[in-house]
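Architecture and fold: a report
Listed below, chain by chain, are the residues.
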Amino acid sequence: MLSAILAITLLAAAFGLLLGYASIRFRVEGDPVMEKIDALLPQTQCGQCGYPGCRPYAEAIARGEVDINRCAPGGDNTVVALADLLGLDPKPLEVEEQGPMVALIDEDTCIGCTLCIQACPVDAIVGAAKHMHTVIELECTGCKLCVPPCPVECIDMIPVEEDLANWKWPFPETPPKSEAADRVSTSTG
Amino acid sequence: MTNHTPQLWRFHGGLHLAPNKAQSTHAPIASMPLPTRLIIPLQQHIGTSAEVGVEIGAHVLKGQVIGRAVGYVSAPIHAPSSGTVVEIAERPIPHPSGMSATCIVIDTDGRDEWTPVQACPDYQSLDPSALRNRIREAGIVGLGGAGFPAFIKLNPASAHGVDTLILNGAECEPYIACDDMLMRERADAIVRGAQIMRHALLAKRCLIGIEDNKPEAFAALAQAIRQCSDTGIEIVPVPTIYPAGGEKQLIKVLTGKEVPSGGLPLEIGVICHNVATAVAVDAALNQGRPLLSRVVTVAGAGVRTPCNLDVLVGTPVSAVIAACGGYTDDAKRLIMGGPMMGFTLDNDAVPIVKTSNCILVAAAAEAPDPPPALPCIRCGACAEVCPALLLPQQLYWHSRAKEFDKVQDYRLFDCIECGCCAYVCPSHIPLVQYYRYAKTEIWAQERDKRKADLARQRHEFRLQRQQRDKAERDARMQQKKAALNSGGNQDARQKAAIQAALQRVKEKQLGAANAPEARPDRSKDEEHPTGPVDPSQSR
Ligand code: SF4
Ligand code: SF4
């Protein structure tokens, strides 16, 4: 009996020490929930959610201050993913969903004032003072933040078009393509 | 070529399908009249699209490069015939999306005049990388359907070479017979191509797998191998069962080895090429000719004379159909590829590309509209036929529910889209369409994720930079303030400086002749006032 108690006590002590050690040794820096939320946000950094960037919004969600349905570029998919992560019910998007976009500077009109460079949250605009500026398309998140500062209104937001590289098969509920195919026999036949 | 029957293995599942190949194999491969206009897409392969290498209005010769390869996984494009470049524009291309892509349009001049070419029959003297480069420059891509640049799959990736080179002559899909005809008629070219590939790969042996419903092809190849008495090449008849021509399935049947999930055949010492690719490799080395044409099967009840045609890349499908006598009244649906894995074309203006093996003009009976899908009854028929040993009903379930993590747990990306599952499904569920949907969705999500990661990184970098700038600015402010605060001190020093200057003036006035004495004093005085004051004053 005594030996059993002793054994259990020893085991408990050993595991306690082990857990204590592990909690120090493998301590997770930062707030893991916030990091996970941030990982689901599209990083557009547009501020449409009312926070100055995706991370501040993630922090606010983690603190439970704000709803998960305020990310316009993320759209419904992001709401669903966030709801999944946090065990909440997905809500309809509070803002209008915004498809992928990219900024385009009309290089003939640009006066090289550098205001857009200062506004871009991801440094996706290149150009020097008094020289024409250009958007690096691959790095532009489509946040629109560069549009209002431009004094000559030479920045346009262009929706990203579907091309062969980003084309997706449609969800199969739509009827098969036979209708379209019926045209074939009449075109040359 | 040996006479013993080698041991064969079986892959799981599969289907026995009506071959429907005889309708096009009655006549030899025919050539067709030179089309007046060729539409050549810049992307006919997996990888980066080629970039335009000609100008509008330029006169090009047959075999001249008109599209340059960009990066490693890419292939150049050549002019299939001589003529004038009349347009470089977006044109509809054969793709399930029905989208357009950049094409070079050439009006042929009817002379079919070659650009000077240089053959290299002595391929054995080339080192393997030079040999691969030749194949790359010839624009050769996998002609079995996938269109992966062939030279990449001719790199053994180790000094020991690979164990087995497999030439795929199984051609398991109904209607398609272009490889069959090629094996019957150009067996010697296939064998020469196989030898070149074997040399490039340092392959210990080469197996040519042919479905056992193609005795003529088998005989022709056996004859060609006997003639060149190459003991390293062996033809193996494999049972006719769809999809025996799938890369992983053929490897399993011939070698008994399984390609690991998500892995490449090279990992198990095997490389698989199509027989038509071997013909192209032979032409590239022995004649110096790039890949300009391919054999295409035209079949189905919707075309008047089904046949196999040697077609220039860029020939519009409509011209190909016309060369086969045109459409019949039954023509209902135009499919590029076979009935199992092909895709519907909306339009017959699209060109034939390097990977187009078949144009199927199906009548209503051949490609009936599927009845409306019913709920899955969990009968398990799909899992029984799946050659990739997947659980199609689970894949369907999770794809439909858009549970992309779970669908990957069921190895979605091992699905070869053979269509066996959908073929047997009693509920007529378009299973493969769900898998394709899920695959492209997952790729899109991965792209978005990469883009988001890049944006996060750049945004964080920007915040850091702004912080650093602010810290620097603050530091300067501090310094300035500190300088201002020690104002009393400074006044004293300034006074001292003024005093010293006055002193100097006095000294000068007093004894202009005593210059040598005064000089050292002056230099000392000058140093004192400027030194410490400088940093704050210059701002
Ligand atoms: S399409 Fe995919 S899931 Fe269906 S049988 Fe073929 S490999 Fe299996
Ligand atoms: S064959 Fe069709 S009905 Fe049967 S289990 Fe598979 S998906 Fe369900």
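The rules we used
- Residues numbered from 1 in each chain as written.
- Chains lettered and ligands numbered in written order.
- Predicted model: local features only at pLDDT ≥ 70, side-chain atom pairs only at ≥ 80, totals over all residues.
- Helix = DSSP H or I, 4+ residues; strand = E, 2+ residues; numbered from the N terminus.
- Buried ≥ 20, exposed ≤ 12 C-beta atoms within 10 Å, placed from the backbone.
- Contact = placed C-beta atoms within 7 Å.
- Domains from an automatic or database assignment.
- Nonpolar A, V, L, I, M, F, W, Y, C, P; charged D, E, K, R; others polar.
- Near = placed C-beta within 6 Å.
- Pairing = 2+ DSSP bridges.
- Expected span 1.5 Å × (residues − 1).
- Axes fitted to C-alpha atoms, helices over the stretch in contact; angles between N-to-C directions.
- Parallel < 35°, antiparallel > 145°, perpendicular 65-115°, else oblique.
- Left-handed = near helix turned anticlockwise from the far one by under 90°.
- Core = buried A, V, L, I, M, F, W, Y, C linked by C-beta atoms within 7 Å.

Quick word on the overall build of chain A
- What chain A contains, in helices and strands, is seven helices and four strands.
- Ordered by position from N to C terminus, the α and β elements of chain A give α-α-α-α-β-α-β-β-β-α-α.
- A burial count over chain A gives 25% of its 189 residues as buried.
- Expressed as a percentage of contacts within chain A between residues at least 6 apart in sequence, the contacts between residues at least 24 apart total 57%.

Observations regarding the domain arrangement of chain A
All names here are of chain A.
- By domain assignment, chain A separates into domain 1 (32–86) and domain 2 (100–161).
- With six residues of domain 1 at the contact, the number on the domain 2 side is seven residues.
- When grouped by side-chain class, the residues that make up the side of domain 1 that touches domain 2 number two nonpolar, four polar and no charged.

Here we look at the site of ligand 2
Residue and element names in this part refer to chain B.
- What surrounds ligand 2 is a group of 15 residues, the closest being C376, C379, C382, Q393 and C425.
- Every element with two or more residues in the shell around ligand 2 is listed here: α9 (381–385) and α10 (392–400).
- Classifying every residue of the shell around ligand 2 by side-chain character gives eleven nonpolar, three polar and one charged.

Details of the site of ligand 1
- Taken together, 16 residues surround ligand 1, and among them C386, C415, C418, C420 and C421 of chain B come closest.
- At the level of elements, α10, α12 (420–424) and α13 (431–485) of chain B are the ones that each hand at least two residues to the shell around ligand 1.

Quick notes on unusual backbone geometry
Residue and element names in this part refer to chain B.
- Look at the link from Y242 to P243: it is a cis peptide, with omega at -5°.
- The residue S229 is not glycine, and still its phi comes out positive at about 40°.
- Of note, S229 is situated in the loop between α5 (215–228) and β11 (233–238).

Things to note about the interface of chain B and chain A
- Each partner contributes to the interface: chain B provides 35 residues, whereas chain A provides 30 residues.
- Within the residue set of the side of chain B that touches chain A, elements represented by two or more residues are α8 (317–323), β15 (331–336) and α13 of chain B.
- It is α13 of chain B that contributes the most residues to the side of chain B that touches chain A, 16 residues altogether.
- Taken together, the residues that form the side of chain B that touches chain A break down as 14 nonpolar, nine polar and twelve charged.

Examining the sheet that holds strand β2 (residues 37–41) of chain B
Residue and element names in this part refer to chain B.
- Read across the open sheet, the four strands follow the order β2-β8-β7-β4; overall the sheet is antiparallel. Both edges of this open sheet fall to β2 and β4 (59–60), since each of them pairs with a single strand only.
- Pairing of β2 with strand β8 (residues 100–108) involves five bridges; the strand directions are antiparallel. Of the residues in β8, the one forming a bridge with L38 is I106.

A short note on the pairing of β8 of chain B
- Pairing between strand β7 (residues 83–92) of chain B and β8 of chain B: nine bridges, direction antiparallel. When the sheet's bridge partners are listed, G83 of chain B is paired in β8 of chain B with T108 of chain B.

Section: helix α4 (residues 187–201) of chain B
All names here are of chain B.
- The first and last C-alpha atoms of α4 sit 21 Å apart over 15 residues, in line with the 21 Å expected at 1.5 Å per residue.
- Counting buried positions along α4 gives 13 out of 15 residues, so the element sits mostly inside the fold.
- Positive backbone phi, approximately 50°, marks L202, located one or two places after α4.

Points about the packing of α10 of chain B against α13 of chain B
Residues and elements named next belong to chain B.
- Where α10 meets α13, the closest approach of the two axes is 9 Å, and the angle between their N-to-C directions is 55°. Here α10 lies oblique to α13, going by the angle between them. α10 and α13 meet at a crossing whose hand is left-handed. In this structure, α10 contributes P392, L395, Y396, S399 and R400 to the contact, and α13 contributes L431, Y434, Y435, Y437 and A438.
- Classifying every residue of the contact of α10 with α13 gives eight nonpolar, one polar and one charged.

Quick word on the sheet that holds strand β10 (residues 205–211) of chain B
All names here are of chain B.
- Within the open sheet, the four strands sit side by side as β11-β10-β9-β12. Their pairing is parallel. Where the open sheet ends on each side, the last strands, each with one partner, are β11 and β12 (270–274). If you compare each strand with its neighbour and ignore which way they point, the axes differ by 25° on average.
- The pairing of β10 with β11 spans six bridges and is parallel. Bridge pairing in β11 links I208 to I235.
- Packing against the sheet, helix α7 (residues 275–287) makes contact with β9 (164–169) and β12, and its axis sits at approximately 80° to β12.

A short note on the environment of F343 of chain B
Residue and element names in this part refer to chain B.
- With respect to the helices and strands, F343 occurs in strand β16 (residues 343–345).
- Residue classification places F343 among the partly exposed positions, given that 14 C-beta atoms sit within 10 Å.
- Residues F343 and P94, 249 residues apart in the sequence, show an inter-C-alpha distance of 8.9 Å.
- Not counting chain neighbours up to four residues away, the residues in contact with F343 comprise P96, I335, M336 and G337.

Some thoughts on the packing of helix α3 (residues 178–185) of chain B against α5 of chain B
Residues and elements named next belong to chain B.
- Across the interface, α3 lies against α5 with an axial gap of 7 Å and an inter-helix angle of 35°. Where α3 crosses over α5, the two elements pack in a sense that is left-handed. Across the interface between the two elements, D180, M183 and R184 of α3 pack against E216, A217, A220 and L221 of α5.
- Of the residues in the contact of α3 with α5, the class split is four nonpolar, no polar and three charged.

Points about the pairing of β7 of chain B
- Taken together, the two bridges between β4 of chain B and β7 of chain B define a ladder with antiparallel strand orientation. Paired with V60 of chain B across the strands is G83 of chain B, a residue of β7 of chain B.

Some details on the nonpolar core
- In this structure, I190, L221, V281, V296, V298, V320 and L431 of chain B are the most contacted members of the largest nonpolar core, which totals 139 residues.
- Apart from residues lying up to four places away in sequence, V281 of chain B is in contact with I135, I140, A150, G193, I196 and M197 of chain B.
- Counting 16 residues, the second-largest nonpolar core is a separate cluster that includes C116, V122, V135 and C140 of chain A.

Some points on the environment of M34 of chain A
- The residue M34 of chain A is located in helix α2 (residues 32–40) in this model.
- Apart from the residues within four sequence positions on either side, M34 of chain A is in contact with A58, E59 and A62 of chain A.

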